[in-house]
Amino acid sequence: MSLHDEIVPLYGVAQKASGDETAQRRLFPMKPTSPDGALMRPPPLQVRLEAGVLTLTNTDAPWNRMSTEYMDALERAVQDAATDPRVRVLVFTADGDENFSVGMDLKQLADRMTDRPALERLLDQRLRVLARIESLDKPSIATLFGYCLGGGLELPLACHFRLAAETGASIGLPELELGVVPAWGGTARLTRCVGRDKALDLMLRARKIDGPEALRIGLVHSVHPVGQLKAAAHALARELAVMPPLAVAGILRCVVGAGAASLQDALAEERRAVLRCAGSHDQQEGFAAFLGKRKPVFNGG
């Protein structure tokens, strides 16, 4: 089975994959049952690998809260994806078409607000997971629809591409309404994404904006009809998945790290990326395909 037709569940109960029908079927049914027939909660994260694209789906519809269970599963999945050569691109999405995520499960958060060590552990994990996503050598894409609030925006801000619904999205970091501050890196990443003035306007006024406004201020890369949003994200993912992985990794390291580096350090990282690609199989394939007037096939070598 090749990279282009493999479907691999990484968490939960695996179901054998074969053919187009299975490619469209959920690997985790939404209402699994125990041996005695009682309904069981689905795994918090559904993971599917197909044609180099790893899709990570929050299954807590309709709100798709980022519970501790979800974040534990997400951390494991991202760690595995980082070292799995079959994974070329990651797509972060959520079940249904109502909401990407309302953010942290506030009941779980409330329990920790008066327990400083527990709160510190929770925040450390969130920051660690989002930093790992942002620093991946593989492109990541997030779909923003319905409520994308708090952590529901902070996770997309750690991704390399953000696609939003044309209508119905409510995007923001309204933590002031709860008397707190964005805690998963949102203050820094939103400012770097849209600039100081727009970031302050969104956070200090607890504003929630729609997809077209998010596009106008540079918060998202494109907007799509909500019914086509996930398909658009996967189309972009497939486009990215056939790019040469070594060169993709080099560009990500240069660009993502450029914000915190001096120009001299950024140029040094660019030189290292060029030298890593020189003489690689993908570099030779790219040159040969160009000279031969054909489409290159990159295998990551």
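Within each chain, residues carry numbers counting from 1 in the order of the written sequence. With the structure being a predicted model, the display of local features is reserved for residues of pLDDT at least 70 and the display and counting of side-chain atom pairs for 80 or more, all residues being used for whole-chain, interface and lining totals. To obtain the side-chain values, all non-hydrogen atoms of the structure were used and water was disregarded.

Draft legend 1. Highlighting the sheet that holds strand β3 (residues 89-94). Across the sheet, which stays open at both edges, the six strands sit in the order β1-β2-β3-β4-β6-β8 with mixed pairing between neighbours. What marks the edges here is a single partner per strand, and that holds for β1 (45-50) and β8 (222-224). Each strand of the sheet is rotated relative to its neighbour by a mean of 20 degrees, with strand direction disregarded. Each pair of strands is called paired provided DSSP finds at least two bridges between the two strands. Runs of H or I in DSSP of at least four residues are treated as helices and runs of E of at least two as strands, each being numbered from the N terminus. Where strand β6 (residues 161-165) lies against β8, three bridges are found, and the strand directions are parallel. Looking at the pairing, L163 lines up with S222 of β8. Residue contacts are counted whenever heavy atoms from the two residues lie within 4.5 Å of one another. The convention used is that axes are lines fitted to C-alpha atoms, helices contributing only their stretch in contact, and that angles between N-to-C directions extend from 0 to 180 degrees. In this fold helix α2 (residues 68-83) packs onto β1, β2 (53-58) and β3, with an angle of close to 20 degrees to the strand it touches most, β1.

Draft legend 2. The pairing of strand β4 (residues 140-144), seen in detail. Per-residue accessibility, obtained with a 1.4 Å probe over protein chains only, is compared with the maximum for each type, and a residue is labelled buried under 20%, exposed over 50%, and partly exposed between these values. Counting buried residues in β4 gives five out of five residues, a clear majority hidden from the surface. Side chains S140, A142 and L144 of β4 all project onto a buried face; the interleaved residues I141 and T143 project onto the opposite face, where all are buried too. Bridge analysis of β3 against β4 gives three bridges, and the strand direction is parallel. Bridge pairing in β4 places F92 opposite A142. Relative to β6, β4 runs parallel, the two being bridged by four bridges. By the bridge assignment for β6, A142 is matched with R162.

Draft legend 3. Just the packing of aromatic side chains, in detail. Aromatic rings from Phe, Tyr and Trp, taking only the six-membered ring of Trp, are treated as a pair when their centres fall within 6.5 Å; an angle between ring planes under 30 degrees marks them as stacked, one over 60 as edge-to-face, and anything in between as tilted. The full count for this structure, using the stated rule, is two aromatic pairs. With 6.4 Å between their ring centres and 20 degrees between their planes, W63 and Y147 make a pair best called stacked. Here W63 is found in the loop between β2 and α2, whereas its partner Y147 is found in strand β5 (residues 147-149), with 84 residues between them in sequence.

Draft legend 4. Here's a closer look at the nonpolar core. Counting residues in hydrophobic clusters, the biggest one holds 63 residues, and the most contacted among them are L74, F92, I141, I171, L190 and L219. With near-sequence residues (within four places) excluded, L219 lies in contact with L153, L157, R162, I171, L190, C193, V194, I209 and A214. Residues grouped as a nonpolar core are buried Ala, Val, Leu, Ile, Met, Phe, Trp, Tyr and Cys residues, joined through side-chain atoms within 4.5 Å.

Draft legend 5. Up close: the environment of E270. Positionally, E270 belongs in helix α11 (residues 263-277). As a C-alpha pair, E270 and C254 span 16 residues in sequence and 5.7 Å in three-dimensional space.

Draft legend 6. Quick look at the pattern of salt bridges. Here, a salt bridge means any side-chain nitrogen of Lys or Arg that lies within 4 Å of a carboxyl oxygen of Asp or Glu. The final tally for this structure, using the stated rule, is 14 salt bridges. Measuring nitrogen to oxygen at the nearest pair gives 3.5 Å for the salt bridge that ties E213 to R216. In this pair, E213 and R216 are both assigned in helix α8 (residues 211-216), three residues apart and thus about one turn of the helix distant. Salt bridges here are not isolated pairs; linked through shared partners, they connect D201, R205, R207, E213 and R216.

Draft legend 7. Representation of the confidence of the model for the protein chain. The pLDDT averaged across the protein chain works out to 85; a share of 86% of its residues lies at or above 70. This stretch, residues 1-34, has a pLDDT under 50; its non-local contacts, to residues over four places away or in other chains, come to 73 contacts. Every residue is assigned a pLDDT by the predictor, reflecting its confidence on a scale from 0 to 100.

Draft legend 8. Seen up close, the pairing of β2. By the criterion of burial, β2 is predominantly enclosed, with six of the six residues buried. Burial along β2 is two-sided: V53, T55 and T57 facing one way and L54, L56 and N58 facing the other are all buried. Examined bridge by bridge, β1 and β2 share six bridges and lie antiparallel to one another. Along β2, the bridge assignment pairs L45 with N58. In textbook terms, the turn of a hairpin is the stretch between consecutive antiparallel strands, and for β1 and β2 this stretch comprises two residues, one of which, A51, has a positive phi near 55 degrees.

Draft legend 9. View of the side chain of E154. In this fold, E154 is placed in helix α5 (residues 151-157). Only four residue types enter the charge count, namely Lys and Arg as positive and Asp and Glu as negative; His and the chain termini do not. It turns out E154 is buried and unbridged, and the closest side chain with the opposite charge, R189, is 6.9 Å from it. Polar side-chain contacts of E154 include one of 2.9 Å to the backbone nitrogen of G186. Setting aside its immediate chain neighbours within four residues, E154 contacts L130, L173, E175, P182, A183, W184, G185 and G186. Two N or O atoms count as a polar contact when they lie within 3.5 Å, although within protein this holds only if one can serve as hydrogen donor and the other as acceptor, and sequence-adjacent residues are included solely when both atoms are side-chain atoms.

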